[in-house]
Every structure is written in structure tokens, then in C-alpha cells.
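The chain contents come next:
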Amino acid sequence: MKRKSWGILFLSILLIIATGCGAGGNQGGEKGEAFSAGLVTDTGGINDESFNQSAWDGMEKAKKDLDAKIKYLESKRDEDYLPNLTRFAREKQDIIWGVGFKFNKAIPEVADQFPDHKFGIVDDNLGGKIPDNVVAVTFKEHEGSFLMGVIAGSMTKTDKVGFIGGISSPLIKKFEVGFRAGVQAVNPKAKVTVVYAESFTDVAKGRSLASNMYNDGADIIYHAAGGVGKGLFDEVKTREKGKYWAIGVDLDQSKLAPDHTLTSMVKRVDVAVFDIMKDMKENDKFPGGKQVELGLEEDAVGPAETSDKHVPDKIMKKVEDYKRQIIDEKIEVPSNEQELKKFKS
């Protein structure tokens, strides 16, 4: 595996505006020669404490470091994706981002209608059929989730842990399978209960699922469910400190329940988005037609920096050991059910 650097990967700018089918915001300046970018969220919204918010963080860095004009549009329904993307294309943004795998139909359609415009999609590779004016940014979520499993499997006192997924999909399955493999690697006796909310926005459903898991004996729950995960944190905060734990995702979510969050599997959507835009502005380079896949080797996924607050040092050292083995290809982390069945740590 050849080592890549974030610097070589991609540099960029994002812009975000409020109009069209959803509420939005304009964080840019006057029209002119400035680099411009538009970001369209999925239904989780810009403040989802997850991947939409992380992408926006990358946009705001572009505003600060690249003097970019940034805009966003929040999609209230799946049907909003196409018109929101189209609006930004007609505004002639330098790059237009769709955040989430649910854009896998709208992005190719708009890219075909506007072949002279550049687009980016996060969390989907469009089945490998990526138009020349589109870059697909994906992550090795299973690798980072494996390390969450190492932590959960090492720290559970009940040998029961849980996973709450958002919408059933190959993407969320990567989180689930990687987590289960990590638990299995360090604690074969532990049972992992898996449930899906079939939503990324139903906070009440997330709380209900978490409550049922905790009541059934689970003491640690990891989620990959977008806004649904807020329900997990709402529930765990009502539980005994030091006994019940949550593991966050995408961003460092410890602020949602500081005394009950073991760690978070951070996914650096912000860095990927910013790097691509930076390369566009400063080097006139755009990886159109390509998939940019980022994992542990690129420091694109992994435990939040606050993990050592509640995770003992000896377990963090174990996490680092497994991380090195994965990067060195001594461990191949499974990303689907078939691979998990063959997995041996």
C-alpha cells in the first residue's frame, strides 16, 4: 500500500447558500473572481453533528484560508437533491458538493445536464461509473470502526455491546461489520446486537433503540446513524456514569454526552473537501472521473483526540497496535458480511 499524503490528495474551497428547496446560508462576499462552492446537504441538515457538518467545516476553512465564497442548501426531502444541485449549477459555482450516498442518482443526472460544471459526491463511488466532471470521495469506514470495536470489546463489563445503524445500505454496513470484527478480535465472547433505524433523522427512534439495548444488558453502543445518533446520546446521559457508554461517529461527538462518550470514529470529510477545492484553486487540478478513497493510512478515519479521557492508556496502545497492523496489511478489515465470515484476527 503506497502512502499518500493529504497535501497530495486534494485542496479546495466550498460555498454554501440558503435558497431553493431548503433553508440555507450565504457565507461569501461579493461576486467576482473569487473561488466559489456550493454544498447541498442530505435530509440531516447542516447542523447534524455528523458528516454534513464536517463537510461544512471544510467549506468554512476554504472561506478562511482560500478566501472562498461558500454557500449551502439544506434538503428537507430526497426530492430536493436535484433542484438544489441544479440551482447551484445555474449560479455557476466552481464546485458543487452533494453530501451522502443518497445523492448517487441526482449527481450523475445534474452532471450530465451541466457538463462544463464540476461536482463532488461524498460517501459514494457511483458504482464506479463516475462522470468526468465529478469526483467521488469515499472512506474506509470499516477500518476506523474496527478500532471502535477494539475499544468496545476491551471495555465492556457485560460482554454485550450494540450497534445502531441509520438506513440499511452497503455504506452503513461497512461501519457495522468493521465494528463487529474489532469486537471479535479482542473479545470473542462478546455479543454485538445490531439494529437499524431506517432513518438518519428520527432522534426519538434512536433513543428508543438505545434504551432497549441498554435495558437488555448492553453497556456500550456505537452508532452510524446521522441525526438518529442524537437519541443515543440523549438516552445514555440518563444512565449511570461509568457504567453505560456511547461511541460517536463522523465528528468528535463527546460534547453531546461528555461523561458518557467513550470515543468517536472521526471521519475527515472536512479535510477531503477542503483539499480538493484547494487543489482546484491553487493548481487548477480537479480529479474528475476518479474515486478518492481514504482510510487509516491517510489519517482520514480513526479515534477522536478526546478518547484518552475515558479510554485507559493500555487500551489506546492496543488500538495503536491494531491500527499499525491494518496499515501494514497484516490485518484486512472486512467491509461486508461475506468478508466477516472469513475474518480471522
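Residues numbered from 1 in each chain as written. Predicted model: local features only at pLDDT ≥ 70, side-chain atom pairs only at ≥ 80, totals over all residues. Heavy atoms only, no water.

- Going by an unreviewed UniProt entry, the protein carries the name BMP family ABC transporter substrate-binding protein and comes from Kroppenstedtia guangzhouensis.
- On record in UniProt, under Sequence similarities (unreviewed entry), the comment for the protein is "Belongs to the BMP lipoprotein family."
- The UniProt entry for the protein carries the following comment under Subcellular location (unreviewed entry): "Cell membrane". (UniProt positions renumbered as here; feature names shortened; annotations may be inferred.)

## Overview of the confidence of the model for the protein
Note that predicted coordinates carrying low pLDDT should not be read in detail.
Point 1. Across the protein, the average pLDDT comes to 91, with 90% of residues at or above 70.
Point 2. The model gives residues 1–23 a pLDDT under 50, and that stretch makes 136 contacts with residues more than four places away or in other chains.
Point 3. Under a pLDDT of 50 for its full length, residues 26–32 has, in the predicted model, 17 contacts with residues more than four places off or in other chains. (pLDDT = per-residue confidence, 0-100. Contact = heavy atoms within 4.5 Å.)

## Here we look at the UniProt feature "domain: ABC transporter substrate-binding protein PnrA-like" (unreviewed entry) in the protein
Point 1. With numbering matched to this structure, UniProt assigns "domain: ABC transporter substrate-binding protein PnrA-like" (unreviewed entry) to residues 39–337.
Point 2. Between the end C-alpha atoms of residues 39–337 the distance is 33 Å, and the span holds 39% helix and 20% strand. (Helix = DSSP H or I, 4+ residues; strand = E, 2+ residues; numbered from the N terminus.)

## Let's talk about the packing of helix 3 (residues 81–90) against helix 4 (residues 106–113)
Point 1. Between helix 3 and helix 4, the least distance of the axes is 9 Å, while the angle of their chain directions is 35 degrees. The crossing of helix 3 and helix 4 is right-handed. Note on element contacts: helix 4 touches helix 3 through Ala 106, Ile 107, Glu 109, Val 110 and Gln 113, opposite Tyr 81, Leu 82, Leu 85, Thr 86 and Ala 89.
Point 2. Classifying every residue of the contact of helix 3 with helix 4 by side-chain character gives seven nonpolar, two polar and one charged. (Axes fitted to C-alpha atoms, helices over the stretch in contact; angles between N-to-C directions. Left-handed = near helix turned anticlockwise from the far one by under 90°. Nonpolar A, V, L, I, M, F, W, Y, C, P; charged D, E, K, R; others polar.)

## Here's the deal with the pattern of salt bridges
Point 1. In the structure shown here, the tally under the stated rule is 22 salt bridges.
Point 2. Here Lys 255 ties to Glu 49 by a salt bridge, and the two come within 3.8 Å at their closest N and O atoms. Taken together, the residues Lys 255 in the loop between strand 10 (245–250) and strand 11 (261–267) and Glu 49 in the loop between strand 2 (36–40) and helix 2 (51–66) connect sequence positions 206 residues apart.
Point 3. A relative accessible area of 56% means that Lys 255 is categorised as exposed.
Point 4. Judged by relative accessible area, which is 14%, Glu 49 ranks as buried.
Point 5. Among the salt bridges present, the one from Arg 239 reaches Glu 235, with a minimum N-O distance of 2.9 Å.
Point 6. Overall, the relative accessible area of 16% leaves Arg 239 in the buried class.
Point 7. Note on Glu 235: relative accessible area 7%, which makes it buried.
Point 8. Three or more residues are tied together by salt bridges with common partners; here these are Asp 123, Glu 141, Lys 174 and Lys 267. (Salt bridge = Lys/Arg side-chain N within 4 Å of Asp/Glu carboxyl O. Buried < 20%, exposed > 50% of the residue type's maximum accessible area, 1.4 Å probe, protein only.)

## Notes on the pairing of strand 11
Looking down a regular strand, the side chains alternate between one sheet face and the other.
Point 1. Burial runs high along strand 11: seven of the seven residues are buried.
Point 2. Examined bridge by bridge, strand 10 and strand 11 share five bridges and lie parallel to one another. Along strand 11, the bridge assignment pairs Ile 247 with Thr 263. (Pairing = 2+ DSSP bridges.)

## Topic: the packing of aromatic side chains
Point 1. One pass over the structure, following the stated rule, counts 10 aromatic pairs.
Point 2. Residues Phe 101 and Phe 200 carry aromatic rings whose centres are separated by 6.1 Å and whose planes lie at 75 degrees to one another, so their mutual orientation is edge-to-face. Pair noted here: Phe 101 is in the loop between strand 4 (95–99) and helix 4 and Phe 200 is in the loop between strand 8 (191–196) and helix 7 (203–215), with a separation of 99 residues, a long-range link. Like Phe 200, Phe 101 is buried. (Phe/Tyr/Trp six-rings, centres within 6.5 Å; stacked < 30°, edge-to-face > 60°.)

## Regarding the nonpolar core
Point 1. With 73 residues, the main nonpolar core has Trp 97 and Phe 146 as its most contacted residues.
Point 2. If you tally residues by element for this core, the top one is helix 6 (residues 170–186), at eight residues.
Point 3. Each of two domains, domain 1 (36–139 + 269–294) and domain 2 (141–267 + 312–344), supplies a minimum of three residues to this core.
Point 4. Once you skip the residues sitting within four places of it in the chain, Phe 146 turns out to touch Gly 178, Phe 179, Ala 181, Gly 182, Ala 185, Tyr 322, Ile 326, Val 333 and Phe 343.
Point 5. Within the second largest apolar cluster, 19 residues are counted, among which are Leu 85, Phe 88, Phe 103 and Ile 130. (Core = buried A, V, L, I, M, F, W, Y, C linked by side-chain atoms within 4.5 Å. Domains from an automatic or database assignment.)

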